[in-house]
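# Structural description and commentary
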Amino acid sequence: MTAIVALIGRPNVGKSTLFNRLVGKKLALVDDRPGVTRDRREGDATLGHLRFKVIDTAGLEEADKDSLAGRMRAQTEMAIAQADVVVFMIDARLGLTPMDQPFADLVRRSGKPVILLANKAEGKKGDEGIMEAYSLGLGDPVPFSAEHGEGTADLLEALVPFIADEPEDEEDEAWEEVQGEDSEEDLDPDRPLRVTIIGRPNAGKSTLVNRIIGEERMLTGPEAGITRDTISVDWEWRGRKVKLFDTAGMRKRARIEEKLEKLSVADSLRAIRFAEVVVVLLDATIPFEKQDLTLVDLTEREGRAVVIGLNKWDLVADKQGLLAELKEKAHYLLAQVRGVQIVPLSGLAGEGIDRLMQAVFGAYEVWNRRVSTARINRWLEGALSAHPPPAVAGRRIKIRYMTQAKARPPTFALFGNQLDHLPVSYIRYLVNSLRDAFELPGTPIRLHRRGGENPFDKGRK
């Protein structure tokens, strides 16, 4: 099994910077302010010939266990318990602080092997802090600079006794490693389905993910905006592999002022871009706010399969009446994904999760659907007869044929003359008719127009 290395230390000692260096990507959010990281984040790390799993954790702080800082500390302690070796980090430039000693004792009591890493040790400013680090009783400190990569060989030497050599795993599992679209011919049925959960702050995304996987993996609480990083977890539903992505809540753009929130939202947008199915989680007590509609529209523009989850359904009194009302609203508010599945659920009570996953896999199947050219053109003949395209400058627009260019999402190519003059209303008519005829509810549909060349226009400018 792959060894697990946990990065531990007080806030702002450079844990996330080291995490990003080890995984080779800027996955964890990094900022000058302390306490940016809250959830523990895992990644596949490479250092020299070593391959291992690294966990980035929240900064250790003394706090009441029921407070946000206390819950963050509990997540860090879970990472220590999970790890095979702990890298305890200090800031060599600041030297030891009153917080370092009790946390060093915590790590020592865990019984796990500990590597003491004196970060920010570039230049001579860290020499004094390195000497102070000996007083922690955790062995010789390893001078290091996560920002500049100095001391990498020393860290490698310190990790070698605890990590067995393994062949490099070439399987691409994380959404961050995906490069472009998946080839429809090379789809691996054993590869996990990538499902991203998005929504406004405090919609209950982390609570839902915790309930789905059956453990307190994500940091939750009554405070809005707890989640900052996009965190992925592996899971199985009825024998099918799923990779879930919990994201930071996304507010209206006009309300986003802080740099850190901008970074969190950018991370969430990237999670949407590399997802296959996106669950837009709504608060059932205040559904279909303008931001909810914006998030659905954003997902549709990215071409991802969409499912709408109505969370906190246990707080609704007239369940049947509200569900009927919301489905009617969705019909005209979300015309671009007409027929999208709306699933009532409660992340806190664990209700509706099975229905949600059925909807997710159903949406994924529709998103991958292909229709033969013969069926498309039989439908097109009927659609044109029922509603012919309008005339432009006295000449009727001529549509010759249509074919499906690709799936994921279903994309169709329309061939004919003067197609650039087709009104938006007629394009919408064709898309809605396609959706109904070939059972493509709730998925984005792309319709590209391809004009034919006029043989009498050769040589003309």
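Residues numbered from 1 in each chain as written. Predicted model: local features only at pLDDT ≥ 70, side-chain atom pairs only at ≥ 80, totals over all residues. Heavy atoms only, no water.

Counted according to the given criterion, the structure contains 17 salt bridges. Close ionic contact of Arg10 with Asp100 constitutes a salt bridge, the shortest N to O distance being 3.3 Å. Here Asp100 lies in helix α3 (residues 100-109) and Arg10 lies in the loop between β1 (4-9) and α1 (15-23), a separation of 90 residues in the sequence. Accessibility expressed as a relative area gives 6% for Arg10, which makes it buried. Linking Asp436 and Arg338 is a salt bridge whose minimum nitrogen-to-oxygen distance equals 2.9 Å. With a gap of 98 residues between them, Asp436 in helix α12 (residues 424-437) and Arg338 in the loop between α9 (319-333) and β12 (341-344) connect regions that are remote in the sequence. One network of salt bridges, in which partners are shared, links Arg191, Glu276 and Arg408. (Salt bridge = Lys/Arg side-chain N within 4 Å of Asp/Glu carboxyl O. Helix = DSSP H or I, 4+ residues; strand = E, 2+ residues; numbered from the N terminus. Buried < 20%, exposed > 50% of the residue type's maximum accessible area, 1.4 Å probe, protein only.)

Residues in a regular strand point their side chains to alternate faces of the sheet. Of all seven residues making up strand β10 (residues 277-283), seven are buried, and the element is well covered by its neighbours. Taking every second residue as pointing to the same face, both faces of β10 are buried, with Val277, Val279, Leu281 and Asp283 on one and Val278, Val280 and Leu282 on the other. The pairing of strand β7 (residues 193-199) with β10 spans five bridges and is parallel. The residue bridging Thr196 from the neighbouring strand is Val278, located in β10. (Pairing = 2+ DSSP bridges.)

Within an α-helix, residues lying three or four positions from one another point in the same direction, as the helix has 3.6 residues per turn. Helix length check: α9 (15 residues) gives 20 Å between terminal C-alpha atoms against 21 Å at 1.5 Å per residue, within 8%. Within α9 the residues assigned to the buried category are Leu322, Leu323, Leu326 and Ala330. Down the axis of α9, the smallest arc covering the buried residues is 100°, so these residues share one side. α9 presents Gln320, Glu328 and Tyr332 as exposed residues on the side facing more than 90 degrees away from its buried surface. For α9, the secondary structure elements touched by its buried residues are β11 (305-311) and β12. Here α9 starts with a cap whose side-chain oxygen sits 3.2 Å from the backbone nitrogen of Gly321, and that cap is Asp318. (Expected span 1.5 Å × (residues − 1). Arc of directions from axis to C-beta. Contact = heavy atoms within 4.5 Å. Polar contact = N/O pair within 3.5 Å; in protein donor to acceptor, adjacent residues only side chain to side chain.)

Limitation: the analysis is restricted to geometry and does not speak to function.
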